[in-house]
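# Structure assessment
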Amino acid sequence: MYVTAREMIPAPGEMQKTIAFGSEIVGVMNNRYGTAMAMSTEIGGVPNKVWLSGFWNSLDEYQSFLESYMSDQQMMAAINMSTSFMVDIQDQIGEILRPPGERKAFAQMHRGRLKSTGVAEGTELILELTNHVSELSGSECGLIRPVTGDQYGVMFVAYADSIQGLKDMTDSWVTDEKYQEIFTKSPEYFESEFDVTYARFI
């Protein structure tokens, strides 16, 4: 499986217009093409940012979607119009190594960066960690590695019904003995970079 994310940065004062545009586009795409796209904004990160994300069974399925909407004149006209109130748009593609559970109201994304000398071993370690925190949380956490962009990045994703639910989840991890044991191995395979972002689905 794969996940795609479009990062949209509104021009100053155009956040509400960007959210309205994103909501309309997501609704049209999901109805017209049978996709399951979703829109989210960051919490505790960059407030002036909107994400459009979707899951795909294969890159062929994603390519078919791209070709369909790019040949749709109505869709392309709407997307071209958005350049008047957005200053930047970027797309990312990731491969899902472990599928996340059912999407809920909030999500947390934990991003790390593998050392070039231990990509396979580091990926195996973070997969072990993701499996364990899924058991601790009682909620499936997903693991994603990049197809485009920084090839040494890795991210795991977890969903919850509230912001407090996200925090309670990570609190239960860091007090767990096995989690600490696995995490202490990470400096051997990971750079000293670790970033956590919360998001709210709209």
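Refer to the preceding data block for the structure.
All values reported here derive from a predicted model rather than from experimental measurement.

Conventions and cut-offs
- Here, residues in each chain are numbered from 1, in the same order as that chain's written sequence.
- Only residues with pLDDT of at least 70 get local features here, since the model is predicted, and only at 80 or more are side-chain atom pairs given and counted; chain-wide, interface and lining totals rely on the full set of residues.
- Side-chain metrics in this entry use all non-hydrogen atoms of the structure; hydrogen atoms and water are not considered.
- Numbering of helices and strands starts at the N terminus; helices are DSSP runs of H or I of at least 4 residues and strands are runs of E of at least 2.
- For a compact globule the rule gives 2.2 Å times the number of residues to the power 0.38, and the radius of gyration it is set against comes from C-alpha atoms.
- Whether a residue is buried, partly exposed or exposed follows from its accessible area with a 1.4 Å probe, protein chains only, as a fraction of its type maximum: under 20%, in between, or over 50%, in that order.
- We call two residues contacting when some pair of their heavy atoms lies within 4.5 Å.
- By convention, a stacked pair of Phe, Tyr or Trp rings (six-membered ring in the case of Trp) has centres within 6.5 Å and planes under 30 degrees apart, an edge-to-face pair has planes over 60 apart, and any other such pair is tilted.

## Here we look at the overall build of the protein chain
When helices and strands are counted, the protein chain shows six helices and eight strands. Reading the protein chain from its N end, one meets helices and strands in the order β-α-β-β-α-α-β-β-α-β-β-α-α-β. Taking 17 Å as the expected radius of gyration for a compact globule of 202 residues, we find that the protein chain reaches 18 Å, a close match to that expectation. Projecting the C-alpha coordinates of the protein chain onto the three principal axes gives extents of approximately 55 × 35 × 30 Å. Of all 202 residues assigned to the protein chain, the portion counted as buried reaches 45%. In the protein chain, of all internal contacts separated by at least 6 residues, the share reaching a separation of at least 24 is 79%.

## Re the packing of aromatic side chains
Enumeration according to the criterion identifies eleven aromatic pairs in this entry. Relative to F183, the ring of Y179 has its centre 5.6 Å away and its plane inclined at 15°; by these criteria the two rings are stacked. With Y179 and F183 both in helix α6 (residues 177–183), this residue pair falls four residues apart, about one helical turn. Classification of Y179 as buried rests on a relative accessible area of 8%. One aromatic cluster in this structure is built from Y33, W56, Y62, F65 and Y69.

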